Structures are given as C-alpha cells and as structure tokens.
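Notes for the structure review
These are the residues of each chain, in order.
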Amino acid sequence: MPLKRKTRTTLSPDDSIKKQKHESNQSIDIPIENCLMWFRTDLRIQDNIALHKASTIIFTKSEKSNYVFAIYLISPEEWRSHDVAPTRVDFWLRNLKELKKSLNELNIPLIIESVDNASDVPSVMIDWCKRLRISHLFANIEYEVDEMKRDKQVFDSATSNSIKVEMLHSQCIVKPGLLKTKEEKPYRVYTPFKNSWFRHVESDLSILESSPIPFPNSVSIRNSYLETFSFKVPSSIPGFEISSELAKITRFNFPAGEQYCHSLLSKFLLQKVSKYSDARDILSQNGTSSLSPYLASGIISARQCVYKAFISNNNKLSTGKNGIVKWIEEIIWREFYRQILVAFPHVCKNMPFKKHMENIEWNNDEENFRRWCQGKTGYPIVDAGMRQLNGMCWMHNRARMIVAIHLIDGDFANNNGGWQWCASTGSDAQPYFRIFNPTTQSKKWVPELKHLDSKQIHNPFGVLNESEFKKLGYPKPIVDHQKARVVALERFKKMLVCKRRLDYFGRKPFRYEYSSNKFLKFCVRLLPFNVRERLVNSNVLPPLCLKAVTEWIIHHNMKNQYFVMDYDVQVEQQLKVYKELIKHVVDHVIPKGSHLEVLQCFTWWPEDIFEDFSKIFSRVDMLILHWYQMLRIKSTIITTPLISNALKLNARSLEYLEVNAGGSISLEIFSECDNLEYLIVTKDDNYFHPNNLRKLSLKDFRKINFKDTVKIISTTNFHLTTLCLLWKEESDPENFSLLISTIVAYGPKLKDLEIIFNENSASKILSLLCSCDMLKNLCLKNTKDLNIDMWMQNLGQVIPKTLKTLNLQNSFTFTLGSLENFLFECERNSINGLRFNIQDGGYFGCFEQNKLDGSNGIHGAGAARFGRVSA
Ligand SMILES: Cc1cc2nc3c(=O)[nH]c(=O)nc-3n(C[C@H](O)[C@H](O)[C@H](O)COP(=O)(O)OP(=O)(O)OC[C@H]3O[C@@H](n4cnc5c(N)ncnc54)[C@H](O)[C@@H]3O)c2cc1C
C-alpha cells in the first residue's frame, strides 16, 4: 500500500524552508554553548552535513568545555500515523545501535527519548536543549509535509527560547527545488529533470564530495556528562514488534550499519553493475543493489552512492559504462520524486499528482484486497511479488510495478512516486494504457507451481485443464485480466474527458459569446453515449440540457473541480431545474470539507436559491461572477446583503475573483478574502482591500476613480505583477499623478502593464517606466490621435532591459526620425529582442520597413502599415 501521510496541512515545505532559513539567519549571533544533533532518517556518521556542521562549531571554539550531543526520538504515534512498518522500526533500532557505537568512538553521546504524542516533540526537544545547555540545534531536512510542519514547530519553540536552529539539505544531491524548467517552473517530467540534473552536477563536480567525518568531542565530556552515555537503544517498541522468524530473515538480508552498507555498495559496483541495465528488469535475478532500505533510512547518502559510482565509471557521470549510468539514473529518480514532493506537496495529502485523476473510480473489494496481500490472486507473478514482500519485507522494482508495497525501505517520496506511477496518476507516470500483463513475468516465490514448465507456470489456470489445475492447490485468478483491463481503460478515459473539459474552461473562463445553450450543447456532447441518445431522442430543450448537465455531473462523479452555473431568469420553467441542480451540487457534488476549484456563475440569483448557494462559497477557490446589466437593480437590491454576508463568512479561501458586477455591487464585500490573488473587475467603480493581490484589471470602465484605485493598489503588499487600467473618459486628472506614484511605490514586481495613454499621462508613464525593473509587456492604449515624436525619443532611454513586447494601440503618430532615435537609444541601452507591435495603427512618418528588423533584434509587427506616409 502507498505510505499514508497524516491529514491535510497547509504548510508549504518550500515556504517553511525559506522561513527557517530567513529566521535562522536572524538569530546568528547567539553565543555558542553546546550543540545538539537531532537524528531522524539520516542514521549515519559519514557524509552527514548537519552532524559535521555541529561538530565543526564546537571543534573550532577555543573553549573546550562545550560539546556536541545527539538525540533520537522514538515517536510511535507519529510512526503509526504514517503507517511505518514494524520491520522498518526494527531496522532503525538495529542501525541506531550501530550509530551509537560510532558516536561513542567520537565521544558523542546518543540520547534516546520517547515521545508519546507527536505534538509533544517541540516541548521534549526544548526540554533537552535546556538540560544540556544547547545554544544550537542541528538536523537534516525531511521534506514531507507533516515532518516539515513538526520541524517548524520545533523551530518556533527553539527560537523563542533563544536557541538557533539549522536545518540542512542532505537528503538529496541536488537540493529539491533548485532545478527549474526554462519557464522557471518545477519539473514534472523525469527525462528533462534528469538531463538538467546531469548538467548541473557535471558543471560542478564538487557537489558530489561528501561532508567530512565529524570532529570528536573532547573526552572531558565523559566527566561532565557521563550519564548521557548511558542511554540504551531498545530492541523493540511496543506495537512494532516483529516475529522471531521475520527478524531472522531481515537480519540476514539487511544487516545493520554503515560499514555493511558500504561493503554492499562496493560489491554491487564491482560485481553487478556492469550488467545492471538488463538485469535490473529481470525478477529472477538478484541484479540490483538492494540499497533502498539503507538509502531510505539514511544509513548511506545518495551522494556517497553516486560518488562511488562516478569513480567506478572512470570519473564520468552521464557517459561511460552503461550499467553505471543507468544506476545513477535510478538515484536521480529518487531525487526527482523528492523535488516533486517539495514542489507539489498535495501528493503528501493523499491526493494524486494529477488532480483531475482524483475522482477515478477504484475498486474497493475487501476480499480481493485480502487475497492480494496474501499473494493468493491466482496470478503467479503478482503472488510471487507479494509473497517476496511478506517473506523478505522487500520487493523487486519490477514486481512493485506489477503488483503496485514496500516495507523495510519505506520511503515516502519513492513510494508515493512509484505508486502514482503505477496508477497512472503521477508525475511522468506510465501511460494509463500500459497495463502490465502479469503472466509474462517470473516464477520463484510460488512453490505450488514449481513443477510446471515455463509455458504453464505463468498462466496455469489458462493452460491446464480443470483437474490438473485443481491438483495444484493454487487459487483461480481473482479477476479476468482482459476484462479488468477494459474496465480500467474505460475509467481512465473518463478522467481524460474531465481533464479536457478542465483544460477547455479551467484557466480561460468562457464569456458571453458562449451562450448558455452553446455550453449546454457542449456538455451534452461529453455525455456518455446512452444518456446522450436518450436526450436527443426526447428532443432536448434548454431546461432538459440543464438536467443533462446534472446527469453529466452525477455520471462523472465530478466532485470538486469545476462547476458552471447558468440560468436564464427569463425562462421561468428553468428555475425548478436550476434549484434542483444547486441543491444537488450542495448535497452531493461538493462533499463537505472539499474544495471546489472554480465556480462560474452567469446569472442573477433569486434570493431563495442564494440561501443554498452561500453554502458553496466556503468550498471555492476561484469564483467568477457575472451579473447581467439589465438585472442590475434587482440583483443589487435583492442579493447584495446576502452575497455580502455569505462571502464575509465563507469565502476566505477565494483566490481568484472575476466580477462583472453591473456597476452596482460594492466590492468591499470581498474585503475579507485574504487569500485573494487575482481580481478582475469589469464595469464597476468600487474598491476593496486585498492584501495579496497580484493581478488587478480594471478595464472598459467609463471612468476610473483614481483615488479608489490608489487605495486598492496601496494594500497589495507589493505582490502586483499584472496591472491593467483602461478607462474611456478622463476621470479625476488631479489624482493621476498620485496613481502613478502609487504604482511606482507598490509595483516593483510588475511584469505586465496595460494603461491609457494621453497627453496627461505620457510623461508620467515615462517616469513610471524608470522604476519598473521587471516589466516584460507594456501596452499603451491611446484615446485620441496623438503625435508622440518627442515621447518616442525619451522612451528609448527609460524602457527597462527586461521589456519583451511593446504594444501601441490605436492612433499614434510619429516620424521615421523619432523611430530611428528610439531604436538608437534602445541599442545604446542594450535592449535586445524587443517585439514592437502597432495595432490599429494610425499614420507614420516615412521609413523603410526593414529598418525595424535591425541587428539589435527589435522587430516590428504591424509592419504592413509602416510604409504609409503621414499627411
Ligand atoms: C509501487 C512502487 C512502490 C515503491 N516504493 C518504494 C519505497 O517505499 N521505497 C523505496 O526506496 N523505493 C520504492 N520504490 C522504488 C523502487 O522499486 C525501489 O527503490 C527499488 O526496487 C529498490 O531496490 P534497489 O535498492 O535494489 O534498487 P537499485 O535498482 O539498485 O537502485 C538504487 C537506488 O535508486 C533508487 N531507486 C531505484 N528505482 C527507483 C524508482 N523507481 N523510484 C525512485 N527511486 C528509485 C532507490 O533509492 C534505490 O535503492 C517503489 C516503486 C514502485 C513501483
């Protein structure tokens, strides 16, 4: 089974790391007393960055009465909540004994403390810090969400007790989150990640160097703190005991200790790696390293593994011996899944990587599940894998891919990644249509079948006659593979339909040109054939279309992804269906506690509907509201207080809001939406106070009240990246300067700016450009024909180097001379690759078209107009 994480939590690992780093820097001046090393899944002395750093601080201090202590917390509640297997706990305890011996040689005591409740971890740690006069606490980061949350709590408690905490990156060779795609996004696909990983490490091979062995404590610690050396590592933990038989097997297969682990690695590199490329996929061959339990518990680091492989490959990494390169690539899978965990922490929350797969219909057959766990499915290869797992607590990768479970090497990132890969719900997962045929794989673990020949052994039920099969004492297959395959494919296909719909509407909400009927017809097309046929035969009318949508939602079990409400108040008969629809959505489609990502409403809401509707708000992240102009008065009078109350109470998770409010609803009602990042308002003139706003678009307004706009911008906490301010008539010009200076002050991160250009604004826009260091796209819209000759020349001097597109819309007039000056200034200021678009252009001075495609890479679109000569 995939390893389970505890319930949801909102902490983002990346934020937490950033915060910890930031805060740890602040407390840098704390005077050094003793250091505490908190061991978790890094049970090693060698290449342990945190341990080495702790020991260095103490060693380099002239004072010799300060020491490094080590601590390990036994935390059964936390382990239980993460489904940690008893064999894994047994493996940790065995390795802790070895670790204690090694630490002892360095005069570092290992304190073993038990924590009954996971929430007690911070107080237990602080208690020990006080007892041991700890000024600095060290640990290596664990990237899973719950672990990050726990560490954040320890960090906060320590900081408030004036203890400096350093959490270091040691689990991966390349820090998760460091490698990004060209678009500055985290990698979702393995191969480009791998290529980038190789490029990064090959450009600086020192990344592969291990951190040195830690410095020993002075022996005087044994006088001052003798009692700290007396902790014993328990042999078992209540609730995590294993049978003596299993203990024998795991001790034999996976002995404890760094020393053993390194000899295993050396042996693998010497004897097996050359054939690894092929042997790794053959179940019956012991062709892989079996290092996973050691890597998962940090008995060895990935860096040490790759470094040794690199040396065996004559100092090569991505080239050289096939087997070694292939093996390094497997370690890169481990790194890939960790960066996935950090970039997409929702995978820690029992959610699929591909969110649209969340609603896939899985089989929950208890009896089949039990037989699968016991290795009695009737499919020899699956049973072989499961029996290997039950016997050895470990399974070959190939077998994991076929039976899709882990034990001794339980590792959340790899396990989650592996499971989601098999289930086709993960990052870079196997395509859903690649369903392994279990009968084509190997035989070893199923002795009932050992007398069968190679043809019979993989498919005894299919090949033997009834009496021959009965004699074997082996179960019949629990599912018919062919039929189960067809069902699985159907279910995945359904999810693809959902995804297409999400892609279609998800990020680009459709607008009025998609009338309700058009949309409903589209929905009908997505309906399963039999439902569609019935609707077509019964001569579908718009009300029935709505019904069709309801059926469609029910059919696809479209829980919490995207929902569109459309209701034409003119058609009274629709009201009933519409009410039913909303009721259905509230009661069934959006289960309690889940979140709707998008809710789009094109409607005026009658009051009685709204009662039900307000319940949905608490579950939406994105809301698009359209009130029809014609219904302005009615909607305002009837619904505003309700909307306002409902939103104030429920819509705090709202991240995206697009409102066509008909000029009458006060946007102040959204003032408590603290998570709001995107606001698009059309045709309104009210304001509110969003703290995290990134995108502000006030367009197609007759007038914009600059003062109010200033208020909005000045509460955005410098997050604004997109600003669109377009109005039809000059508003209050005396406040325009104030608006520009507010944009200058609050828009250092502006990337897209679209603004009205006129005589009044021209010079102010130039001063604004001087301060927009990150601007990529600038669009200036003219309200009346203007000659911008002078302005053009100045523009070249102030446009930021980051600018990639410059759009001039409507009637601008300038001469060739000023254009040339502009290009000259651009060249002088090293502005390259600027795309210069003139749309709806006016008339220009006489110049040659090719001049625009100059060596400085500035291109002119709208070139067709460039040849015209102005009057
Ligand atoms: C459904 C499923 C569940 C899995 N659960 C786990 C798990 O809980 N813990 C775990 O460590 N691995 C897991 N894996 C990945 C992989 O199966 C094991 O890492 C591998 O079989 C361990 O054998 P080895 O050490 O001999 O690997 P080798 O082939 O010698 O590879 C060396 C190391 O590279 C890493 N590695 C290899 N294959 C993968 C992979 N596909 N994904 C990520 N890292 C990889 C491991 O750390 C491994 O020890 C899972 C795979 C699947 C398909």
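Here's what I pulled together on the structure shown here. Note that residues are indexed from 1 along each chain, following the sequence as it is written. In view of the model being predicted, local features appear only for residues whose pLDDT reaches at least 70, and side-chain atom pairs are presented and counted only at 80 or more, with totals across whole chains, interfaces and linings using the full set of residues.

**Notes on the overall build of the chain**
What counts as a helix is a DSSP run of H or I of at least four residues, what counts as a strand is a run of E of at least two, and both are numbered from the N terminus. The helix and strand inventory of the chain stands at 32 helices and 19 strands. Counting every position in the chain, which comprises 871 residues, the buried fraction comes to 38%. We call a residue exposed when 12 or fewer other C-beta atoms sit within 10 Å of its C-beta, buried when the count reaches 20 or more, and partly exposed for counts in between; the C-beta positions come from the backbone.

**Considering unusual backbone geometry**
The phi dihedral of Asp-47 falls on the positive side, at around 45°, and the residue is not glycine. Here Asp-47 is to be found in the loop between strand S1 (34-39) and helix H2 (49-59).

**A look at the packing of helix H5 (residues 121-131) against helix H6 (residues 145-160)**
With axes taken as lines fitted to C-alpha atoms, and helix axes fitted only over the stretch in contact, angles between N-to-C directions fall between 0 and 180 degrees. At a minimum axis separation of 9 Å, H5 and H6 run at an interaxial angle of 40°. Accordingly, the angle class assigned to the pair H5 and H6 is oblique. Crossing angle aside, the handedness with which H5 passes H6 is right-handed. Across the interface between the two elements, Val-121, Pro-122, Met-125, Ile-126 and Cys-129 of H5 pack against Arg-150, Gln-153, Val-154, Ser-157 and Ala-158 of H6. When residue character is reported, Ala, Val, Leu, Ile, Met, Phe, Trp, Tyr, Cys and Pro are called nonpolar, Asp, Glu, Lys and Arg charged, and the others, Gly included, polar. Class assignment for the residues of the contact of H5 with H6 results in seven nonpolar, two polar and one charged. Orientation is classified from the angle alone, with under 35 degrees giving roughly parallel, over 145 giving roughly antiparallel, 65 to 115 giving roughly perpendicular, and any other angle giving oblique. Each crossing gets its handedness from the near helix: less than a right angle anticlockwise from the far helix is left-handed, clockwise is right-handed. What counts as a contact is two residues whose backbone-derived C-beta atoms lie within 7 Å of each other.

**Brief notes about the sheet that holds S1**
The sheet built from five strands is open, its strands ordered S3-S2-S1-S4-S5 with parallel pairing. Unpaired on one side and paired on the other, strand S3 (110-114) and strand S5 (164-168) mark the two borders of the sheet. For this sheet the average axis-to-axis angle between neighbouring strands, irrespective of direction, equals 25°. In this description, strands pair whenever DSSP reports at least two bridges between them. Direction of pairing for S1 relative to strand S2 (residues 68-74): parallel, over a ladder of five bridges. Residue pairing across strands places Trp-38 opposite Ile-71, the latter belonging to S2.

**Observations regarding helix H28 (residues 706-713)**
Residues three or four positions apart in an α-helix share a direction because the helix packs 3.6 residues into each turn. For H28, every residue scored as buried is listed here: Phe-706, Thr-709, Ile-712 and Ile-713. The buried residues of H28 occupy one face: seen down the axis, they fall within an arc of 115°. Working definition: the arc comes from the directions between the helix axis and the C-beta atoms, pointing outward to the latter.

**Here's the deal with the pairing of strand S16 (residues 805-809)**
By the alternation rule, side chains of S16 split into Leu-806 and Leu-808, which are all buried, and Thr-805, Asn-807 and Gln-809, of which none is buried. Here strand S14 (residues 777-782) runs beside S16; their pairing, made up of five bridges, is parallel. Opposite Leu-780, over in S16, you have Leu-808 as the bridge partner.

**Examining the nonpolar core**
Note on definitions: a nonpolar core is a set of buried residues drawn from Ala, Val, Leu, Ile, Met, Phe, Trp, Tyr and Cys, linked by C-beta atoms within 7 Å. Residues Leu-36, Met-37 and Leu-137 are the most contacted members of the largest nonpolar core, which totals 84 residues. A per-element tally of this core places helix H14 (residues 322-343) first, with ten residues. Setting aside residues up to four positions removed in sequence, Met-37 forms contacts with Ala-50, Leu-51, Ala-54, Val-68, Ala-70 and Phe-138. Of all hydrophobic cores here, the second largest spans 43 residues; its members include Leu-698, Trp-727, Leu-739 and Ile-755.

**So, H6**
Here the expected length of a helix is defined as 1.5 Å per residue gap, with one fewer gap than residues. Between its terminal C-alpha atoms H6 stretches 23 Å, which fits the 22 Å expected from 16 residues at 1.5 Å a residue. Those residues of H6 lying buried are Val-145, Asp-146, Glu-147, Met-148, Arg-150, Asp-151, Lys-152, Val-154, Phe-155 and Ala-158. Ser-162 sits one or two positions beyond H6 and adopts a positive phi of about 60°.

**Considering the pairing of strand S12 (residues 722-727)**
Side chains of S12 alternate between two faces, with Leu-723, Leu-725 and Trp-727 buried and Thr-722, Cys-724 and Leu-726 left unburied. Summarising the sheet, S12 and strand S13 (residues 752-757) pair through four bridges and their orientation is parallel. Bridge pairing in S13 links Cys-724 to Glu-754.

**Some details on the environment of Leu-226**
Tracing the chain through its elements places Leu-226 in the loop between helix H8 (221-224) and helix H9 (244-253). Note on Leu-226: 10 C-beta atoms within 10 Å, which makes it exposed. Once the C-alpha coordinates of Leu-226 and Pro-109 are considered, the two residues, 117 residues apart in sequence, prove to be 8.7 Å apart.

**Comments concerning the environment of Ile-478**
Looking at where Ile-478 falls in the secondary structure, it is placed in the loop between helix H20 (466-472) and helix H21 (481-505). For Ile-478, a count of 17 C-beta atoms within 10 Å corresponds to the partly exposed category. If we ignore the near neighbours within four places in the chain, the residues touching Ile-478 are Asn-368, Arg-371, Thr-377 and Gly-378.

**Some details on the packing of helix H31 (residues 789-798) against helix H32 (residues 816-828)**
Packing of H31 against H32 brings their axes to within 7 Å, and their N-to-C directions diverge by 10°. Judged on the interaxial angle alone, H32 and H31 are roughly parallel. In this structure, H31 contributes Asp-789, Met-792, Gln-793, Leu-795, Gly-796 and Gln-797 to the contact, and H32 contributes Ser-818, Leu-819, Asn-821, Phe-822, Glu-825 and Cys-826. In the contact of H31 with H32, the residues fall into five nonpolar, five polar and two charged.

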